[in-house]
Amino acid sequence: MYNLNIERNNEKYFVLGVIIFFYAIYLATIEKAFWWYSPAMIGATIFLSSINSGKSEKSFLGLLRKNPRRLIYQYIMYVMVTIISEIIFKNILHLWYYPHFDTVIQHIVNVYLIGYPFALFFLYELYTLFKSREISTNKDIVLTTIIGGYVSEIPNTYVHEWAYVIPYVNLTILNINVVVTIGWVLLVFAVLIVEKIIWKK
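To keep things clear, this report deals only with the structure shown in the data block.

Rules used throughout
Counting restarts for each chain, with residues numbered from 1 along the sequence as it is written. The model is predicted, so local features are restricted to residues of pLDDT at least 70 and side-chain atom pairs to those at 80 or more, both for listing and for counting; the totals for chains, interfaces and linings are taken over all residues. In computing side-chain values, all of the structure's heavy atoms are included and hydrogens and water are not. Put simply, two rings from Phe, Tyr or Trp (the six-membered ring, in Trp's case) pair if the centres are within 6.5 Å, and we call them stacked under 30 degrees between planes, edge-to-face over 60, tilted for the rest. Strands are runs of DSSP state E lasting at least two residues, helices are runs of H or I lasting at least four, and both sets are numbered from the N terminus onward. Here the term buried applies to any residue with accessible area under 20% of the maximum for its type, exposed to any over 50%, and partly exposed to those in between, with areas from a 1.4 Å probe on protein chains only. Every helix has an expected span of 1.5 Å times one less than the residues it contains.

**Describing the packing of aromatic side chains**
Part 1: For the coordinates displayed, the defined rule picks out 15 aromatic pairs.
Part 2: Here the aromatic rings of phenylalanine 21 and phenylalanine 47 are separated by 5.8 Å at their centres, their planes lie at 70°, and the arrangement is edge-to-face. One end of the pair, phenylalanine 21, is in helix 1 (residues 11-31); the other, phenylalanine 47, is in helix 2 (residues 37-52), and 26 residues separate them in sequence. There is no split in this pair, since phenylalanine 21 and phenylalanine 47 are both buried.
Part 3: With 5.3 Å between their ring centres and 15° between their planes, tyrosine 98 and phenylalanine 101 make a pair best called stacked.

So this is what it looks like as structure tokens:
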């Protein structure tokens, strides 16, 4: 069995994160709850961070305990990435839309405040996990992109919290347009850039 080496004081967070994550997947695939993504990313961030916090002071739980100001700074940076992405790719290029968000509050909470920022926290924790295994930077980025992207996109095909409008390109992998995969590469690089900014000292 793969040894996760979870510290004892993090075991409860691992269990909590796993429960939240898989409940969110249930919401998307069975209940068709359009707001599934925010709890999914919170759960995924918690359970991955419970693994990483014993290896890295930069994990979500590690920062929450020892350096909450830096965690808030990271969160603010992720919100900024969200705003930039939404302006460029949604509002200007019109590559996606949110068919179920009827109010501004729903949009702000599920996209700007929770969904997008915690998706970036999830990518960060996923990359940190692969990095700790000392594979290679390029492989870490590829694995983070594939797993992070498809863990997000495949359940969304059941409920379409967000829906894509991608012209000209019809090539898909597991019903996910390849252009979407490129988008996840950009998000991974955004996470790495934020990491360098935050830890530049």
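**A few points about unusual backbone geometry**
Part 1: With a phi close to 55°, histidine 94 is a non-glycine residue in the positive phi region.
Part 2: Topologically, histidine 94 is positioned in the loop between helix 4 (68-92) and strand 1 (96-97).
Part 3: The phi dihedral of tyrosine 168 is positive, around 75°, even though this residue is not glycine.
Part 4: Along the chain, tyrosine 168 falls in the loop between strand 2 (163-164) and strand 3 (172-173).
Part 5: For tyrosine 168, a relative accessible area of 83% puts it in the exposed group.

**With respect to helix 6 (residues 115-132)**
Part 1: The end-to-end C-alpha distance of helix 6 is 26 Å, a good match for the 26 Å that 18 residues give at a rise of 1.5 Å each.
Part 2: Of all 18 residues in helix 6, 16 are buried; the element is thus mostly enclosed.
Part 3: Trailing helix 6 by a residue or two, glutamate 134 shows a phi angle of about 55°, which is positive.

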